[in-house]
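Secondary and tertiary structure notes
Residue-level listing of the chains:
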Amino acid sequence: MQKYSGFGLFKHSLTHHENWQRVWRNPTPKKKYDVIIIGGGGHGLATAYYLAKEHGITNVAVLEKGHLGGGNACRNTTIVRSNYLWDESAALYEHSMQLWEGLAQELNYNVMFSQRGVYHTCHTLQDMRSNERLVAANRLQGIDNEMVDAEQLQKEIPTMDCSKNARYPIMGASVQRRAGNARHDAVAWGYARAADALGVDLIQNCEVIDMEISDGKITGVKTKQYGVLKADRVGCVVAGNSGVLAKMAGIELPVESHPLQALVSEPIKPFLDTVVMSNHVHGYMSQSDKGDLVIGAGIDGWVGYGQRGSYGIIEHTIQAIVEMFPCTSRVRMNRQWGGIVDACPDASPIISETPIKNLFFNCGWGTGGFKGTPGSGNLFAHTLADGKPHPIAEPFSIQRFHTGALIDEHGAAGVAH
Amino acid sequence: MLHIYCPHCAEYREEDEFHCAGQAHISRPLDPEACSDEEWGEYLFFRKNPRGLHHELWVHAAGCRKFFNMTRDTQSYEIKEVYKIGEQPSVVAE
């Protein structure tokens, strides 16, 4: 792997940047792998990377039906935080957060991780109570999170309307200052490049159409382009299409796929140097380095695989944003899109074994998968290497929907759920 | 934006007036006490999640407030038919 550095950039500038190495190979798949990962998004690529790096398993293929990082990895609103309520989630998301903090160095790829803080505004007494509870829980878990009052909030975010004149006046906010955002594509590309360098085969334009299962055990997958590829273990990390793959395996998952929409404005001068989320008026926003306002909406209530949602959802979100930031009322929106998110009934993910031996699922991240990318990959790699889950991933088994040990994160999962 | 025909009002209305209440035709276990944890879990949490035809329960929340069923394609979002509670669909998902 060609190491990226300032010196390298200068060296290549002398040859007009025409001699850069390809970032990853484009291999033809082998007939047999130790592990096949279905889904070449952020989570799948991270899984492949950690399998190779931490477990020494390099005979791995990542099968992607489109291009790498072309699904939800390039459709999300890039927020990273770890202030969830329950200990199980705190352990999971904080594990991820700590990996985020060293990620650019580790991958030798600038993922533009920016710890600019994430605010959750409170508009009612109940909002204040539940956020104070969240802050208290996080402190006991050793995770930073604090409350600020409306006056302090106005000083920290001058462009936001924290006055009493708002329709739903802001009473205060919780803020995790280590939280922030990152460059979504770079995360997928960085993991892809690092995994490829360790010998992982990244197979693009390769759609899985069936699974080879005999005696309750998976032996391989059938692809549209390359026929049957054998594998000792198979991991599915396909977000919105998890239900489709589960059907091929003949199992059922407690997830439903919904469209989740986002939109960005035309680029404007810097006016918001942090991330603001409001569960109450239902909208969240940050400003990208290019100057676009990145705005996230909620999910459509019905099942949908179309990567587009209804207009009413966006309209509602824009109302909330204009309510909180009246100065944005005449900003024009540039683009709007949808991704398919697989939501679990308890708003927590599934990282689990399945009734089929050697088949594993990592899904159900719902509306909050981006922040989990490194942690999800790291823990799922452990699951695939050992055949049993890492202690942090153990509570996130499919079994919890039968035992009743749910991890209810509807409060902390935020706006979109 | 879906354009939905309410079988009770006998009119097309915009999606904003409606609310989707999830998968249709789920019947409550007849003897809940006798359910195993698996059966109870399946009833509560496991839903069909098809890429294709799907039967859904909808309510005309800002209208007549009555429930009805809908058969809809989850890929193209095309509504195949709507029918009242208690009726069976004529376009059947697999």
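**Quick word on the overall build of chain B**
Of regular secondary structure, chain B possesses 1 helix and 6 strands. Secondary structure elements of chain B, listed N to C terminal, follow the sequence β-β-β-α-β-β-β. Buried positions account for 37% of the 94 residues belonging to chain B. Here chain B displays about 5,600 Å² of accessible surface, and carbon together with sulfur accounts for 48% of that area.

**Side note on the overall build of chain A**
Per the secondary structure count, chain A includes 12 helices and 18 strands. The globule rule puts the C-alpha radius of gyration for 417 residues at 22 Å, and the 21 Å found for chain A is close to it. Considered along the principal axes of its C-alpha atoms, chain A spans approximately 65 × 65 × 40 Å. Counting the 417 residues in chain A, one finds 59% classified as buried. Total accessible area computed for chain A in this model is approximately 16,900 Å², and 51% of it derives from carbon and sulfur atoms. Of the charged side chains in chain A, 38 are positive and 41 negative; the average position of the first set lies 6 Å away from that of the second.

**Details of the sheet that holds strand S12 (residues 256–265) of chain A**
All names here are of chain A. Pairing in this open sheet of 8 strands is mixed, and the strands run S5-S6-S4-S13-S14-S15-S12-S16 from one edge to the other. Two strands lie at the open edges of the sheet, namely strand S5 (146–149) and strand S16 (333–343), each paired on one side alone. Strand after strand, the sheet turns through a mean of 25 degrees between neighbouring axes, direction not considered. Packed onto the sheet, helix H5 (residues 125–140) meets strand S4 (118–122), S5 and strand S6 (172–176) and runs at close to 145 degrees relative to S5. Contacts between helix H9 (residues 311–324) and the sheet are confined to S4, S12, strand S13 (275–278), strand S14 (283–287), strand S15 (293–299) and S16, with S15 contributing the most and set at about 130 degrees to the helix.

**Considerations on the packing of aromatic side chains**
Within this structure, the stated rule accounts for 16 aromatic pairs over all chains. Chaining the aromatic ring pairs together yields one cluster made of Tyr-4, Trp-20 and Tyr-109 of chain A. The cationic tip of Arg-308 of chain A hangs over the ring face of Tyr-77 of chain B; the distance from NZ or CZ to the ring centre is 4.5 Å.

**Re the pairing of strand S4 (residues 53–59) of chain B**
Two faces, one strand: in a regular strand the side chains alternate between the faces of the sheet. All names here are of chain B. Burial of S4 is extensive: 5 of the 7 residues sit out of reach of the surface. Examined bridge by bridge, S4 and strand S5 (residues 67–73) share 7 bridges and lie antiparallel to one another. Residue pairing for S5: His-54 is matched across the bridge by Arg-72.

**Observations regarding the packing of helix H2 (residues 42–55) of chain A against helix H10 (residues 373–386) of chain A**
How two helices pack is summed up by the angle between their axes together with the distance between the axes. Residue and element names in this part refer to chain A. For the pair H2 and H10, interaxial distance at closest approach is 7 Å and the crossing angle is 55 degrees. Here H2 lies oblique to H10, going by the angle between them. Pair H2 / H10 crosses with right-handed handedness. Here Gly-42, His-43, Ala-46, Thr-47, Tyr-50, Leu-51, Glu-54 and His-55 of H2 lie close against H10, whose contacting residues are Thr-373, Pro-374, Ser-376, Gly-377, Asn-378, Phe-380, Ala-381, His-382, Leu-384 and Ala-385. Residue composition of the contact of H2 with H10, grouped by class: 8 nonpolar, 9 polar and 1 charged.

**Some points on the sheet that holds S5 of chain B**
Residue and element names in this part refer to chain B. A sheet is described by the order of its strands in space; here 4 strands give the open sequence S3-S4-S5-S6, paired in antiparallel fashion. Bordering the open sheet on either side are strand S3 (19–23) and strand S6 (79–84), each of which pairs with just one other strand. Neighbour-to-neighbour, the strand axes of this sheet turn through a mean angle of 30 degrees, independent of strand direction.

**A word on the interface of chain B and chain A**
Each partner contributes residues to the interface: chain B has 25 residues there, and chain A has 28 residues. Of all residues in chain B, the largest losses of buried area upon contact with chain A belong to Phe-45, Phe-46 and Asn-49 of chain B, amounting jointly to 31% of the total for that side. For the pair chain B and chain A, the interface holds 0 salt bridges. The tally of links from chain B across to chain A stands at 12 residue pairs in polar contact (both at pLDDT 80 or more). When contributions to the side of chain B that touches chain A are tallied by element, the ones reaching two or more residues are helix H1 (37–45) and S4 of chain B. Looking at the side of chain B that touches chain A residue by residue, the classes come out as 8 nonpolar, 6 polar and 11 charged.

**Looking at unusual backbone geometry**
Peptide bonds are trans in most cases, and residues, glycine excluded, mostly fall at negative phi. All names here are of chain A. Its identity as a non-glycine residue notwithstanding, His-17 has a phi of 55 degrees, on the positive side. When you line up the elements, His-17 lands in the loop between helix H1 (6–13) and strand S1 (32–38). A residue is classified by how much of its surface remains accessible, and His-17, at 39% relative accessible area, is partly exposed. Positive phi outside glycine occurs at Thr-78, with the angle close to 60 degrees. Mapped onto the fold, Thr-78 is located in the loop between strand S2 (60–63) and strand S3 (79–80). Using a relative accessible area of 12% as the deciding quantity, one classes Thr-78 as buried.

**Points about helix H8 (residues 242–249) of chain A**
Residues and elements named next belong to chain A. Among the 8 residues of H8, 6 are classified as buried, and the element is accordingly described as predominantly covered. As for H8, its buried residues are in contact with S1, strand S9 (208–214), strand S11 (227–236), S16 and strand S18 (359–363). Looking at the residues trailing H8, positive phi occurs at Gly-250, about 75 degrees.

**A look at the pattern of salt bridges**
Residues and elements named next belong to chain A. A complete count under the given rule lists 19 salt bridges over all chains for this structure. Arg-25 serves as the salt-bridge partner of Asp-201, at 3.3 Å between the closest nitrogen and oxygen. Taken together, the residues Asp-201 in strand S8 (residues 201–203) and Arg-25 in the loop between H1 and S1 connect sequence positions 176 residues apart. Assessed through its relative accessible area of 5%, Asp-201 is described here as buried. Linking Glu-106 and Lys-53 is a salt bridge whose minimum nitrogen-to-oxygen distance equals 3.0 Å.

**Quick notes on a nonpolar patch on the surface**
There is a patch of nonpolar side chains on the surface, built from Phe-7, Phe-10 and Leu-14 of chain A and spanning about 380 Å² of accessible area. By secondary structure assignment, the location of Phe-10 of chain A is in helix H1.

**Some points on the packing of H2 of chain A against helix H7 (residues 184–197) of chain A**
All names here are of chain A. Here H2 crosses H7 at 30 degrees, and the two axes come no closer than 8 Å. In terms of orientation, H2 and H7 fall into the roughly parallel class. Remark: the crossing between H2 and H7 carries left-handed chirality. Contact with H2, carried on its side by Gly-42, Leu-45, Ala-46, Ala-48, Tyr-49 and Tyr-50, involves Ala-188, Tyr-191, Ala-192, Ala-194 and Ala-195 of H7 and no other residues of that element. Across the contact of H2 with H7, the residue classes break down as 10 nonpolar, 1 polar and no charged.

Rules behind the numbers
Residues numbered from 1 in each chain as written. Chains lettered and ligands numbered in written order. Predicted model: local features only at pLDDT ≥ 70, side-chain atom pairs only at ≥ 80, totals over all residues. Heavy atoms only, no water. Helix = DSSP H or I, 4+ residues; strand = E, 2+ residues; numbered from the N terminus. Buried < 20%, exposed > 50% of the residue type's maximum accessible area, 1.4 Å probe, protein only. Areas by Shrake-Rupley, 256 points an atom, 1.4 Å probe, with all protein chains shown as cover. Rg over C-alpha atoms; globule rule 2.2 N^0.38 Å. Lys, Arg positive; Asp, Glu negative; His and termini not counted. Charge placed at Lys NZ, Arg CZ, Asp CG, Glu CD. Pairing = 2+ DSSP bridges. Axes fitted to C-alpha atoms, helices over the stretch in contact; angles between N-to-C directions. Contact = heavy atoms within 4.5 Å. Phe/Tyr/Trp six-rings, centres within 6.5 Å; stacked < 30°, edge-to-face > 60°. Lys NZ or Arg CZ within 6 Å of the ring centre and 35° of its normal. Parallel < 35°, antiparallel > 145°, perpendicular 65-115°, else oblique. Left-handed = near helix turned anticlockwise from the far one by under 90°. Nonpolar A, V, L, I, M, F, W, Y, C, P; charged D, E, K, R; others polar. Buried area = accessible area lost by both parts, 1.4 Å probe. Salt bridge = Lys/Arg side-chain N within 4 Å of Asp/Glu carboxyl O. Polar contact = N/O pair within 3.5 Å; in protein donor to acceptor, adjacent residues only side chain to side chain. Patch = residues over 30% accessible without salt bridge, like charges linked within 9 Å, V, L, I, M, F, W, Y side chains within 5 Å.

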